[in-house]
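Listed below are the residues making up each chain.
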Amino acid sequence: MGTHMKKTIRDFEMNHKTVLIRVDFNVPLEQGDIVDDTRIVESLRTIQYAMKNKAKVVLLSHLGRVKNERDKSSNSLKPVAEKLQSLLNKGVTFVPQTRGRELEEAILNLKPGHVLLMENTRFEDINGNKESSNDPELGAYWASLGDIFINDAFGTSHRAHASNVGIASHLPNGIGFLMEKELKMLEPLLNNPEHPFTILLGGAKVSDKIGVIASLAEKADYLLIGGGMAYTFLKASGIETGSSLLDREQLEFCHEMLEKYPEKIVLPIDSVVAEDLKRLHPRTCFINEIKEEEIGLDIGHKTVNLFKQYLEQSKTIFWNGPMGMFEQPEFQAGTKEIGAIICSINGMKIAGGGDTVHAIKEFGYEKSFTHISTGGGATLELLEGKTFPALEVIHD
Ligand code: ADP
Ligand code: MG
């Protein structure tokens, strides 16, 4: 899946044209505040290029999941429009609609070089999952609002939605600068990583990443597993993990993986545990000493040192998923220390995933990485070697 053959935003004459740009503004929010604006910042180059070339710029993005009316207020793109406005230092027209007269008139009235952001594309999921199931009528409708379509939303390109695949199939199209950069940076990892190639996985659930674990184990020399997902692997290896996260349905899969890759897969040997969800009485213990009522919420220092031995000999490192519940100070040491170790290593170091990137930025490590991807699931699926529906429809 090379970028070299795909049309890019550079290939279009955009003067006075209405250019629909699918961006990835799916940013983490806490009580309505944007806690990490990486994805917005990374989209600026494409947006500013279109503005400079006198396009009428119409932006579309999803944000979170919208399944009912109640989800709407907490998933509005309005705060994103405000953030974008301050980053661009220029007015952004926000239209709180995903279809209809108000939106159509606002686009007609848009001046060349100006930017409009429509409301969260997933508001269209409320009646029949139209956005997320790539409803043909919806894609055709959105396409009718513009002249050219640019897909710059790498983080969603592994999914076929109306706002990427749907629109693209009706308009002259290309990719934006962010998409181009992501593919260029991730390709070497996919095609010929320098060995030893170590993948560090963490985060909450095995089931989210199950598809990729099998094929990543194939590609990598070492697969270091921390975070919440480690406990399902530990349980599968016969260890009592107390009340830690457990993906019961994945136990058998984890067991098979451990049988198949006994040398490659490396699991935690100690853990920071707490007594219940109130995180009472945190303590560090050996992995086989977790009590029934205890929850493992971080890797312990011995595990950090174990993982360090693998990381230090690696020429290529890919990291997805925090090592613990790093949002809580008691459980951030594992993620923080592992991040510091990766920073100190020479070689290609790539990280991806919303929460992983959030942690990396919080601890100030971003400069030490070769590339920080805006994609989580997309990055993992790319490493798996999958082709992406939202790229397949982009013309060569
Ligand atoms: P990413 O967004 O980088 O792909 P995930 O979304 O898979 O990562 O996982 C991130 C979440 O996993 C974080 O919110 C973190 O608190 C949580 N997490 C990490 N370790 C644990 C653990 N041991 N128990 C419960 N949750 C955990
Ligand atoms: Mg996440």
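Basis of the calculations
- Residues numbered from 1 in each chain as written.
- Chains lettered and ligands numbered in written order.
- Predicted model: local features only at pLDDT ≥ 70, side-chain atom pairs only at ≥ 80, totals over all residues.
- Heavy atoms only, no water.
- Pairing = 2+ DSSP bridges.
- Helix = DSSP H or I, 4+ residues; strand = E, 2+ residues; numbered from the N terminus.
- Axes fitted to C-alpha atoms, helices over the stretch in contact; angles between N-to-C directions.
- Parallel < 35°, antiparallel > 145°, perpendicular 65-115°, else oblique.
- Contact = heavy atoms within 4.5 Å.
- Nonpolar A, V, L, I, M, F, W, Y, C, P; charged D, E, K, R; others polar.
- Core = buried A, V, L, I, M, F, W, Y, C linked by side-chain atoms within 4.5 Å.
- Buried < 20%, exposed > 50% of the residue type's maximum accessible area, 1.4 Å probe, protein only.
- Phe/Tyr/Trp six-rings, centres within 6.5 Å; stacked < 30°, edge-to-face > 60°.
- Lys NZ or Arg CZ within 6 Å of the ring centre and 35° of its normal.
- Patch = residues over 30% accessible without salt bridge, like charges linked within 9 Å, V, L, I, M, F, W, Y side chains within 5 Å.
- Areas by Shrake-Rupley, 256 points an atom, 1.4 Å probe, with all protein chains shown as cover.
- Salt bridge = Lys/Arg side-chain N within 4 Å of Asp/Glu carboxyl O.
- Lys, Arg positive; Asp, Glu negative; His and termini not counted.
- Charge placed at Lys NZ, Arg CZ, Asp CG, Glu CD.

Colleague: Please give an account of the sheet that holds strand 1 (residues 18-22) that cites residues and values.
Modeller: Spatially, the six strands line up as an open sheet ordered 5-6-4-1-7-8, and their pairing is parallel. Looking along the sheet, the strands with just one partner apiece sit at the ends: strand 5 (92-95) and strand 8 (173-175). Within the sheet, the average angular offset between the axes of one strand and its neighbour, ignoring direction, is 25 degrees. As paired strands, strand 1 and strand 7 (residues 148-151) are joined by four bridges and run parallel to one another. Following the sheet pairing, L20 is matched in strand 7 by F149.

Colleague: Hey, could you go over the packing of helix 1 (residues 38-52) against helix 7 (residues 177-191) for me, with residue numbers and the actual values?
Modeller: For the pair helix 1 and helix 7, interaxial distance at closest approach is 7 Å and the crossing angle is 135 degrees. With respect to each other, helix 1 and helix 7 are oriented oblique. Residues E42, S43, R45, T46 and Y49 of helix 1 lie in contact with helix 7, whose contacting residues are F177, L178 and K181. Taken together, the residues of the contact of helix 1 with helix 7 break down into three nonpolar, two polar and three charged.

Colleague: Which residues make up the nonpolar core, and what values go with them?
Modeller: Ranked by internal contacts, the top residues of the largest apolar core, which has 64 residues, are L116, W142, I213 and F233. Non-local contacts of I213, meaning those with residues more than four positions away in its chain, are made with L201, V206, L223, M229, F233, F253 and M257.

Colleague: Account for the packing of aromatic side chains, naming residues and giving values.
Modeller: Inspection of the entire model under this criterion finds five aromatic pairs. Both rings, one in Y49 and one in F177, keep their centres 5.1 Å apart while their planes meet at 80 degrees; by these two values the pair is edge-to-face. Taken together, the residues Y49 in helix 1 and F177 in helix 7 connect sequence positions 128 residues apart. Between Y222 and Y310, the aromatic rings sit 4.8 Å apart at their centres with planes inclined by 65 degrees, giving edge-to-face as the arrangement. Within this pair, whereas Y222 is found in strand 10 (residues 222-225), its partner Y310 is found in helix 11 (residues 301-312), the two being separated by 88 residues in sequence. If you follow R45 out to its NZ or CZ, it ends over the ring of F177, 4.0 Å from the centre. When the ring centre of Y141 is taken as reference, the NZ or CZ atom of R99 above it lies at 5.8 Å.

Colleague: Residues and numbers for the sheet that holds strand 14 (residues 295-299), please.
Modeller: The strand order across the open sheet built from three strands is 13-12-14, with neighbouring strands paired in antiparallel fashion. This sheet does not close on itself; its edge strands, each paired only once, are strand 13 (283-286) and strand 14. Strand-to-strand, the axes of this sheet are offset by a mean angle of 45 degrees, without reference to chain direction. One ladder, built from four bridges, connects strand 12 (residues 270-274) with strand 13; its direction is antiparallel. For S271, the partnering residue across the bridge sits in strand 13 and is C285. Along the sheet, helix 11 makes contact with strand 12, strand 13 and strand 14, crossing strand 14 at roughly 45 degrees.

Colleague: So what's going on with a negative patch on the surface? Residues and values would help.
Modeller: On the surface, E30, D33, E327, D355 and E362 cluster together to form a negatively charged patch. A relative accessible area of 43% means that E30 is categorised as partly exposed.

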